[in-house]
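# Commentary on secondary and tertiary structure
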Amino acid sequence: ERRELLVSAAGLMADGVHDHELWLIPDEGALRSLGVVKPGQVVRVALNRETAGLIHAGSRMVLTREPLGGKPPELKAGPVVAEGAFT
């Protein structure tokens, strides 16, 4: 209803050369970036109506390791380092 997520990155460690990016895996179509997650931070991620409408019980998310600043537009997403699902 609020179209936002509260994301905690308490377990991540900074290495100075990578960031981590959170992705929604919709039932159909391409991954949707939910933004870069910084180690030790808790942030609210605003979702547009379209992205929020894709989330339901069982929707999956992955966390990838990316260059600083997040996935460059011309590259594929980096390796998955964590995954989970909405309940």
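Attention in this report is confined to the structure presented alongside it.

## What about the overall build of the protein?
The secondary structure content of the protein amounts to 1 helix and 6 strands. Listed by position from the N terminus, the elements making up the protein come as β-β-β-β-α-β-β. Taking 12 Å as the expected radius of gyration for a compact globule of 87 residues, we find that the protein reaches 13 Å, a close match to that expectation. The C-alpha extent of the protein, read off along each of the three principal axes, is 35 × 30 × 20 Å. Of all 87 residues assigned to the protein, the portion counted as buried reaches 29%. Once local pairs closer than 6 in sequence are excluded, the contacts in the protein between residues at least 24 apart make up 65%. Looking at the protein as shown, the accessible area adds up to about 5,800 Å², and 54% of this sits on carbon and sulfur atoms. In the protein, 10 side chains carry a positive charge and 11 a negative one; their mean positions are 3 Å apart.

## Notes on the sheet that holds strand S3 (residues 32–37)
With antiparallel pairing, the 4 strands of this open sheet are ordered in space as S3-S2-S5-S6. Edge positions in the sheet fall to S3 and strand S6 (80–85), since each of these pairs with one other strand and no more. Recorded for the sheet is a direction-independent mean angle of 25 degrees between the axes of neighbouring strands.

## So, the environment of serine 33
As for its position among the elements, serine 33 is in strand S3. Exposure remark for serine 33: the relative accessible area of 39% places this residue in the partly exposed category. For serine 33 and threonine 51, which are 18 residues apart along the polypeptide, the C-alpha to C-alpha distance reads 9.7 Å. Not counting chain neighbours up to four residues away, the residues in contact with serine 33 comprise Glu21, Leu22 and Trp23. At 2.6 Å, the side chain of serine 33 and the side chain of glutamate 21 are in polar contact. One polar contact links the side chain of serine 33 to the main-chain amide nitrogen of glycine 35, over a distance of 3.1 Å.

## Regarding the environment of alanine 10
By the secondary structure assignment, alanine 10 is in the loop between strand S1 (4–8) and strand S2 (18–25). Looking at alanine 10, the relative accessible area reads 65%, which means it is exposed. Residues alanine 10 and threonine 51, spaced 41 residues apart in sequence, show a C-alpha to C-alpha distance of 25 Å.

## Side note on the nonpolar core
Counting 13 residues, the largest nonpolar core has Leu5, Val7, Leu22, Leu34, Val37 and Val45 as its most contacted members. Those residues within four positions of valine 7 in sequence are excluded, and the remaining contacts are Leu22, Val37, Gln41, Val42, Val43 and Val45.

Rules behind the numbers
Residues numbered from 1 in each chain as written. Predicted model: local features only at pLDDT ≥ 70, side-chain atom pairs only at ≥ 80, totals over all residues. Heavy atoms only, no water. Helix = DSSP H or I, 4+ residues; strand = E, 2+ residues; numbered from the N terminus. Rg over C-alpha atoms; globule rule 2.2 N^0.38 Å. Buried < 20%, exposed > 50% of the residue type's maximum accessible area, 1.4 Å probe, protein only. Contact = heavy atoms within 4.5 Å. Areas by Shrake-Rupley, 256 points an atom, 1.4 Å probe, with all protein chains shown as cover. Lys, Arg positive; Asp, Glu negative; His and termini not counted. Charge placed at Lys NZ, Arg CZ, Asp CG, Glu CD. Pairing = 2+ DSSP bridges. Axes fitted to C-alpha atoms, helices over the stretch in contact; angles between N-to-C directions. Polar contact = N/O pair within 3.5 Å; in protein donor to acceptor, adjacent residues only side chain to side chain. Core = buried A, V, L, I, M, F, W, Y, C linked by side-chain atoms within 4.5 Å.

What is shown is where atoms sit, not what they do.
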